[in-house]
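Commentary on secondary and tertiary structure
Single-letter residue listing:
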Amino acid sequence: MEYRTLEKLGVSTSLLGFGCMRFPTTPNGEIDEERAQAMLDEAIAKGVNYIDTAYPYHDGKSEPFVGRALKKYDRDSFYLATKLPIWNVKTKEDAVRLFEEQCSRLQTERIDFYLLHALNRDRFQLVKELGIIELFEEYQKQGKIRCFGFSFHDSYEVFEEILTYRNWDFCQIQYNYMDTEEQAGDRGYALCEKLNVPIIIMEPVKGGALASYADDVEELFHAARPEKSVASWALRWVATKPQVKVVLSGMSTEEQVRDNLDTFGQFEPLSEKEQAVVQQVVAEVKSRVKNGCTSCRYCMPCPFGINIPGNFGIWNRYGMYGNTGATKQRYFEQMKQEERAEQCRSCGACEKLCPQKLPIREHLHQMAEEMGKL
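Since this is a predicted model, take the numbers as computed values, not measurements.

Procedures and definitions
- Residues numbered from 1 in each chain as written.
- Predicted model: local features only at pLDDT ≥ 70, side-chain atom pairs only at ≥ 80, totals over all residues.
- Heavy atoms only, no water.
- Pairing = 2+ DSSP bridges.
- Helix = DSSP H or I, 4+ residues; strand = E, 2+ residues; numbered from the N terminus.
- Axes fitted to C-alpha atoms, helices over the stretch in contact; angles between N-to-C directions.
- Contact = heavy atoms within 4.5 Å.
- Polar contact = N/O pair within 3.5 Å; in protein donor to acceptor, adjacent residues only side chain to side chain.
- Expected span 1.5 Å × (residues − 1).
- Buried < 20%, exposed > 50% of the residue type's maximum accessible area, 1.4 Å probe, protein only.
- Salt bridge = Lys/Arg side-chain N within 4 Å of Asp/Glu carboxyl O.

1. Details of the sheet that holds strand β3 (residues 16–19)
Spatial ordering of the closed barrel is given by β3-β4-β5-β6-β7-β8-β9-β10, a layout of 8 strands whose pairing is parallel. Across this sheet, the average inter-strand angle for adjacent strands is 25 degrees, counted without regard to direction. Across the sheet, helix α6 (residues 132–142) touches β5 (79–84), β6 (111–119) and β7 (145–152), and the angle it forms with β7 is around 150 degrees.

Next up, the structure:
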């Protein structure tokens with residue numbers, strides 16, 4: 001297993017981190033504890049020492065399960081990460097109560113990596129106003145937490161504001177080769193490098209989107225490394241960057257565990273030729289975007305209730321990644337029927353407001369036809 005040293009923290013973490021958000025589940029939606037335990041055991045046996053969970057994962061059942069699953073291991077043999085659910089915090093006392101509850105659920109007296117969960121501009125303002133940062137700085141002095149950081153979902157400008165606010169021990173960002181200009185992105189990575197803030201990576205495979213493509217796109221990867229999975233390229237892309245100390249993977253199957261252990265057990269940074277392959281894939285995939293919707297929402301609300309940017313987000317992702325199963329789920333299960341593209345009545349109100357001058361009516365009808373064929 002590849003390990004990375006976080007010099008400022010005096011710890012050495014496995015480059016692969018086990019994300020506990022996507023454990024296998026039973027038919028009734030509960031964590032399949034027997035399989036999940038075996039998966040954790042296999043990962044730990046092969047050197048994984050960073051285990052990441054959070055208060056809301058698996059409807060609040062991830063932390064209690066992880067606490068039970070790790071109880072048989074020496075507490076100093078692994079690093080445990082979890083996160084404060086800021087959306088449940090209205091007072092400083094709420095943060096105290098939640099932290100104590102998390103320690104109880106995880107059956108531990110300390111959290112090794114404690115994060116303010118999913119910081120954005122509003123949540124950052126709240127934790128400053130309530131003195132939450134000072135609370136956890138005190139907990140850190142008391143040894144209740146070892147390393148204090150945050151996970152992030154907002155624009156680069158907000159990321160810069162948060163990262164430069166104090167001397168953070170680490171941060172966790174969503175970063176992958178397809179979204180280098182989204183959220184923290186390349187600029188956020190560079191800022192962390194400049195300030196020497198260790199980075200934990202989440203969603204390196206973009207929620208599974210970078211694990212499979214249309215056959216002709218996948219062939220670009222297979223031609224270069226036929227023995228490696230498509231997902232492994234995404235993991236290696238972020239892990240090649242030296243400021244990245246842990247790459248989290250939310251593993252749902254035994255096959256994913258073994259593939260990831262293969263990737264990080266004998267880790268190889270991407271070569272220049274492989275970097276070029278990734279850029280070729282990015283260019284090819286982005287060329288398959290269906291339309292240029294920027295989700296500015298000037299077209300909303302639609303007089304007939306259609307979620308225009310929501311539809312085009314699904315359509316563009318389908319064009320890029322060709323994932324039929326995920327597309328059907330997003331369109332037919334997650335989107336309300338009255339919001340779908342087939343409800344378009346061609347009134348044209350949206351096109352008068354679109355800064356991109358998109359033929360919205362034509363595209364909605366075209367999308368509806370394509371979705372109907374699924």
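2. Quick notes on the side chain of Ser151
If you trace the backbone, Ser151 turns up in strand β7. Of note is the side chain of Ser151, whose polar atom sits 2.7 Å from the backbone nitrogen of Ala118. Setting aside anything within four residues of it in sequence, one finds Ser151 in contact with Lys83, Leu115, Leu116, His117, Ala118, Leu119, Gln172 and Met202.

3. Section: helix α13 (residues 308–321)
In this model α13 runs 20 Å from its N-terminal to its C-terminal C-alpha over 14 residues, within 8% of the 20 Å that 1.5 Å per residue would give. Counting buried positions along α13 gives 11 out of 14 residues, so the element sits mostly inside the fold. Residues Ile308, Pro309, Asn311, Phe312, Ile314, Trp315, Asn316, Tyr318, Gly319, Met320 and Tyr321 constitute the buried set of α13. In the core, the buried residues of α13 are packed alongside α12 (272–286), α14 (324–334), α15 (349–353) and α16 (360–372). Near the N-terminus of α13, the side chain that reaches the backbone nitrogen of Gly310, with its oxygen 2.8 Å away, is that of Asn307. Downstream of α13 by a residue or two, Gly322 has a phi angle that is positive, lying close to 65 degrees.

4. Digging into the pattern of salt bridges
Tallied over the entire structure, the rule returns 30 salt bridges. Residue Glu203 is joined to Arg22 by a salt bridge in which the shortest nitrogen-to-oxygen separation is 2.9 Å. Separated by 181 residues along the polypeptide, Glu203 in the loop between β9 (199–202) and α9 (215–224) and Arg22 in the loop between β3 and α1 (33–45) bring together distant segments of the chain. Taking the relative accessible area as the measure of exposure, Arg22 reaches 30% and is therefore partly exposed. Salt-bridge contacts for Arg110 lead to Asp112; the nearest nitrogen and oxygen are separated by 2.8 Å. Relative accessible area serves as the criterion here: at 22%, Arg110 is assigned to the partly exposed category. One network of salt bridges, with partners in common, ties together Arg225, Glu227, Arg236, Glu268 and Glu274.

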